[in-house]
Amino acid sequence: EFFIRNIADSLEALGRLDLLNDAYADVLATDVGTDERTRSRRARILTRWGRSLIIQNSHHQALGPLTEAVQLAESLPPTPDQYIIHTDASAALATLVAETASFDQAMTLLAAAGDRLDRAPSLPAEVRARAGAQLAGAYTEIGLVTVRSSKEIQGFGSGKAEGFVR
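Right, let's walk through the structure included here. (Residues numbered from 1 in each chain as written. Predicted model: local features only at pLDDT ≥ 70, side-chain atom pairs only at ≥ 80, totals over all residues. Heavy atoms only, no water.)

### Observations concerning the overall build of the chain
Rules: Put simply, DSSP H or I for four residues or longer makes a helix, DSSP E for two residues or longer makes a strand, and each gets a number counted from the N terminus. Three labels apply to residues, based on accessible area from a 1.4 Å probe with only protein chains included: buried if under 20% of the type maximum, exposed if over 50%, partly exposed otherwise in between. When checking whether two residues touch, look at their non-hydrogen atoms; a contact exists if any pair is within 4.5 Å. Only the protein chains shown count as cover for residues, and the accessible areas themselves come from Shrake-Rupley with a 1.4 Å probe.
In terms of helices and strands, the chain carries seven helices and zero strands. Across the 166 residues of the chain, 42% fall into the buried class. Residue pairs in contact within the chain that sit at least 24 positions apart in sequence constitute 58% of those at least 6 positions apart. For the chain, the exposed surface amounts to about 9200 Å²; the carbon and sulfur share of it is 56%.

### Structural notes on the pattern of salt bridges
Counted only if it meets this: The salt bridge definition used is simple: a Lys or Arg side-chain nitrogen within 4 Å of an Asp or Glu carboxyl oxygen.
Counted by the stated rule, this structure contains three salt bridges. Taking the shortest distance from any N to any O, the salt bridge between E68 and R42 comes out at 3.5 Å. Separated by 26 residues along the polypeptide, E68 in helix α4 (residues 59-75) and R42 in helix α3 (residues 36-55) bring together distant segments of the chain. A relative accessible area of 31% means that E68 is categorised as partly exposed. Its salt-bridge partner being R44, residue D81 comes within 2.4 Å of it at the nearest N-O pair.

### Observations concerning the environment of L96
By secondary structure assignment, the location of L96 is in helix α5 (residues 80-100). Taking relative accessible area as the criterion, L96 reaches 1% and is therefore assigned buried. On a C-alpha basis, the gap between L96 and I54 in space is 7.4 Å, while along the polypeptide they are 42 residues apart. Not counting residues up to four positions away in its chain, the partners in contact with L96 are I54, H59, A62, L63, L66 and A101.

Take a look at the structure:
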């Protein structure tokens, strides 16, 4: 928990994402167990690691941690915390899928996470709002990915796409 909240934030702020990869791997290697708390913590760490890998343009390496994070989150009992963990992991995975594989698959992932929220019995309003904001952010990011992709396709071969950076 300390690693997730303090050290990872500090390293990200310093731009030392290279150090995070080893740190995430080390923490996950020692954080074993099948209890709810361990699975919850692992899902959070895997999501942060996946997001860090995306920032580093290591998209294919991010797929494993993000997929595992979603699976772990889905295995947790339905608590407010679980919904936050699940929507965060789902949003990150959907954004990655939109960038690397399929817009339709990304939209399906987000729709499933939204349906899960809609079916949540008596979820506190602040949790529902936070999870909804995570999904809305992912929908926005996927829309931006689509716009970037269409601009790249339109500019391909004409020199317009040269220097196009995310």
